[in-house]
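# Structure assessment
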Amino acid sequence: MKSSQSTAERRYRLITLLESQGSLSVDQLAEELHVSSMTIRRDVDYLVEEGIVSHPDQGKVSIKRDALFELNIEQKKYVHITQKRAIGAFCADLVEDNEMAFIDGGTTTMEVARNVAKRPNVTVMTNSLSVASVVAAVPDAHLSICPGVYRRRSVDFLGVLATSFISNQDIDIAFLGIGGISPGFGLSVSNTPEWAFKRSLIRRAKRIICVADSSKFGVDWLCVLCPLSDIDLIVTDEGISDQMASACRKAGADIAIVDSSKYTG
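Everything numeric here is computed off the predicted structure, so don't read it as measured data.

### Brief notes about the sheet that holds strand β13 (residues 223-226)
One open sheet holds the three strands; their spatial order is β10-β11-β13, and the pairing between them is antiparallel. In this open sheet, the two strands that pair with only one neighbour each are β10 (180-182) and β13. Averaged over all pairs of adjacent strands, the angle between their axes in this sheet comes to 35°, without regard to strand direction. Where helix α9 (residues 192-204) meets the sheet, its contacts fall on β11 (186-189) and β13, and the angle it forms with β13 comes to roughly 5°.

### A short note on the packing of aromatic side chains
Counted by the stated rule, this structure contains two aromatic pairs. With centroids separated by 5.8 Å and ring planes inclined at 45°, the aromatic side chains of Phe102 and Phe197 adopt a geometry described as tilted. Residue Phe102 is located in strand β4 (residues 100-103), and its partner Phe197 is located in helix α9; the two are separated by 95 residues in the primary sequence. Take Phe102 and Phe197: they sit in the same class, and that class is buried. Aromatic side chains Tyr150 and Phe157 sit 5.6 Å apart centroid to centroid with 50° between the ring planes, which places their arrangement in the tilted category. For Tyr150, a relative accessible area of 35% corresponds to the partly exposed category.

### Description of helix α5 (residues 81-92)
Taking 1.5 Å of rise per residue, twelve residues should cover 16 Å, and α5 covers 17 Å from first to last C-alpha, within 8% of that figure. All of the buried residues along α5 are Lys84, Ala86, Ile87, Gly88, Cys91 and Ala92.

### Some points on the sheet that holds strand β14 (residues 233-237)
Ordered in space as β6-β5-β4-β9-β12-β14-β15, the seven strands form an open sheet in which the pairing is parallel. The sheet is open, and its two edges are formed by β6 (142-145) and β15 (255-258), each paired on a single side. Adjacent strand axes in the sheet meet at a mean angle of 20° when their direction is disregarded. Across the face of the sheet, helix α7 (residues 129-136) comes into contact with β4, β5 (123-126) and β6 while running at roughly 160° to β6. Lying on the sheet, α9 is in contact with β4, β9 (173-176) and β12 (207-211); it crosses β9 at an angle near 150°.

### Structural notes on the environment of Cys248
When you line up the elements, Cys248 lands in helix α10 (residues 242-250). Judged by relative accessible area, Cys248 falls into the buried class, the value being 0%. When the C-alpha positions of Cys248 and Pro120 are compared, they lie 34 Å apart, and in sequence the two are 128 residues distant. Non-local contacts of Cys248, meaning those with residues more than four positions away in its chain, are made with Pro183, Phe217, Leu228, Ala253 and Ile255.

### So, the side chain of Asp213
The residue Asp213 is located in the loop between β12 and β13 in this model. One buried charged residue, Asp213, remains without a salt bridge, the closest side chain of opposite sign being Lys84 at 4.4 Å. Separated by 2.4 Å, the side chains of Asp213 and Ser215 make a polar contact. For Asp213, the residues in contact, after removing those within four places along its chain, are His80, Lys84, Ile87, Thr108, Thr236 and Asp237.

### A few points about the side chain of Thr108
Turning to its location among the elements, Thr108 is positioned in helix α6 (residues 107-116). Apart from the residues lying within four places of it in its own chain, the contact partners of Thr108 are Lys84, Ile87, Val211, Ala212 and Asp213.

About the criteria used
Residues numbered from 1 in each chain as written. Predicted model: local features only at pLDDT ≥ 70, side-chain atom pairs only at ≥ 80, totals over all residues. Heavy atoms only, no water. Pairing = 2+ DSSP bridges. Helix = DSSP H or I, 4+ residues; strand = E, 2+ residues; numbered from the N terminus. Axes fitted to C-alpha atoms, helices over the stretch in contact; angles between N-to-C directions. Contact = heavy atoms within 4.5 Å. Phe/Tyr/Trp six-rings, centres within 6.5 Å; stacked < 30°, edge-to-face > 60°. Buried < 20%, exposed > 50% of the residue type's maximum accessible area, 1.4 Å probe, protein only. Expected span 1.5 Å × (residues − 1). Lys, Arg positive; Asp, Glu negative; His and termini not counted. Salt bridge = Lys/Arg side-chain N within 4 Å of Asp/Glu carboxyl O. Polar contact = N/O pair within 3.5 Å; in protein donor to acceptor, adjacent residues only side chain to side chain.

Here is the structure:
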């Protein structure tokens, strides 16, 4: 049984299946993901070690409910990559020449960074090592890195020093990565250090652009950042349903839906 999906994408899909359908057997997961049962068993063993799923109970695999989890950046990097690249290309046109653009940590924001860094005379500021490495690879790019306490899972700098630093910067536009977007709940993330930093960023930047592929909609995390009406624009892909887009707009969001087919190649 063959599959073109990467290991990281398959494991992400395995987790989302368990989230949406509850406990599933190894054979059910193998059928849904179009891989062998042996491959799924290896994935389950890995996710058990990561603390994300529980050992099969009576033949069923389930998400661990006793601890909040989030995937690390390496696990998310290749998931919805076409959509993320399209969002990144679209966002380059939102930045004016000579502006200071803050690009938050995340896999979608990495794609934003690839494109924004090519704009003339734009300075990119970030608290993310991943974003910084992308910008640094662009010839003549202007880069500024935010200090703070390093968080290994998300590969960025957070904490009091980071929030203090950002509160004294003149930021024209900020591209915000996010964990979940919900019409009623608003924007949310999984942990308090990230929450504190993003709150400071939202207060400081003149324009806030939330970038998120369509899988982030309808997801609620523990820490609520703000209502949707506090964000200037949400950029997502065509995978968002008409019902969800309508509900978000009723909640005060301005949404740009990017057709990823126009940005391929």
